[in-house]
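So the chains spell out like this:
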Amino acid sequence: LAMSSATSTTSLPSGLAVLTTFPDVLFIPEITFGGLVWILVASSKVPQPILQGWVMFVSVFCFVMSTTLLCLYLCGAHGGSSSWVTLVSGCDK
């Protein structure tokens, strides 16, 4: 798998090429496990529902952001700008 980074001389991948580069290919397990966490949080019982609401918000937000970023990469919306690497790194922290 090829690396996509800001220091790379090649352009950022778009379309199905996203699914062949590392760390972009990690979007797939991130979305899969994010969906599983979302399901587990929603089905759990906690003594203070306000805490579950916050955890549910974070889980859903990260799941939606990961899915949105993957779709934007697949559509090629980044236009080859290396600042998208920073955006993805920030969202994954």
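Owing to the predicted nature of the structure, the values given are computational and were not obtained by experimental measurement. (Residues numbered from 1 in each chain as written. Predicted model: local features only at pLDDT ≥ 70, side-chain atom pairs only at ≥ 80, totals over all residues. Heavy atoms only, no water.)

**Q** I would appreciate a short explanation of helix H1 (residues 27-43) in the present structure.
**A** Note on helix geometry: an α-helix contains 3.6 residues per turn, so any two residues three or four positions apart are oriented the same way. The end-to-end C-alpha distance of H1 is 24 Å, a good match for the 24 Å that 17 residues give at a rise of 1.5 Å each. Taken together, the buried positions of H1 are occupied by Phe 27, Ile 31, Gly 34, Gly 35 and Val 41. In an axial view of H1, the angular spread of the buried residues amounts to 130°, which keeps them on one side of the axis. Relative to its buried face, H1 has exposed residues pointing more than 90 degrees away, namely Phe 33, Ile 39, Leu 40 and Ser 43. (Helix = DSSP H or I, 4+ residues; strand = E, 2+ residues; numbered from the N terminus. Expected span 1.5 Å × (residues − 1). Buried < 20%, exposed > 50% of the residue type's maximum accessible area, 1.4 Å probe, protein only. Arc of directions from axis to C-beta.)

**Q** Mind showing me how you'd approach the UniProt feature "transmembrane region" (unreviewed entry) in the protein here?
**A** Sequence positions flagged by UniProt for "transmembrane region" (unreviewed entry) are, in local numbering, residues 25-42 and 54-79. Helix makes up 89% of residues 25-42 and strand 0%, and the two end C-alpha atoms of the span are 27 Å apart. Annotation note: span residues 54-79, helix share 85%, strand share 0%, distance between end C-alpha atoms 34 Å. (UniProt positions renumbered as here; feature names shortened; annotations may be inferred.)

**Q** Even after reading the chapter, I still don't get the packing of aromatic side chains, so can you show me in this structure?
**A** Any two aromatic rings considered together are summarised by their centre-to-centre distance and by the angle between their planes. Tallied over the full model, the rule gives 3 aromatic pairs. Geometrically, the ring pair formed by Trp 38 and Phe 63 is tilted, given 5.1 Å between the ring centres and 50° between the ring planes. Residue Trp 38 is located in helix H1, and its partner Phe 63 is located in helix H2 (residues 49-75); the two are separated by 25 residues in the primary sequence. According to the relative accessible area criterion, Trp 38 is partly exposed, its value standing at 30%. Members of the aromatic cluster, connected to one another through ring pairs, are Trp 54, Phe 57 and Phe 61. (Phe/Tyr/Trp six-rings, centres within 6.5 Å; stacked < 30°, edge-to-face > 60°.)

**Q** Looking at this structure, how should I read the side chain of Ser 66?
**A** By the secondary structure assignment, Ser 66 is in helix H2. On the basis of relative accessibility, which here comes to 5%, the residue Ser 66 falls in the buried class. Discounting residues that sit within four places of it in the chain, Ser 66 has contacts with Phe 27, Glu 30 and Ile 31. (Contact = heavy atoms within 4.5 Å.)

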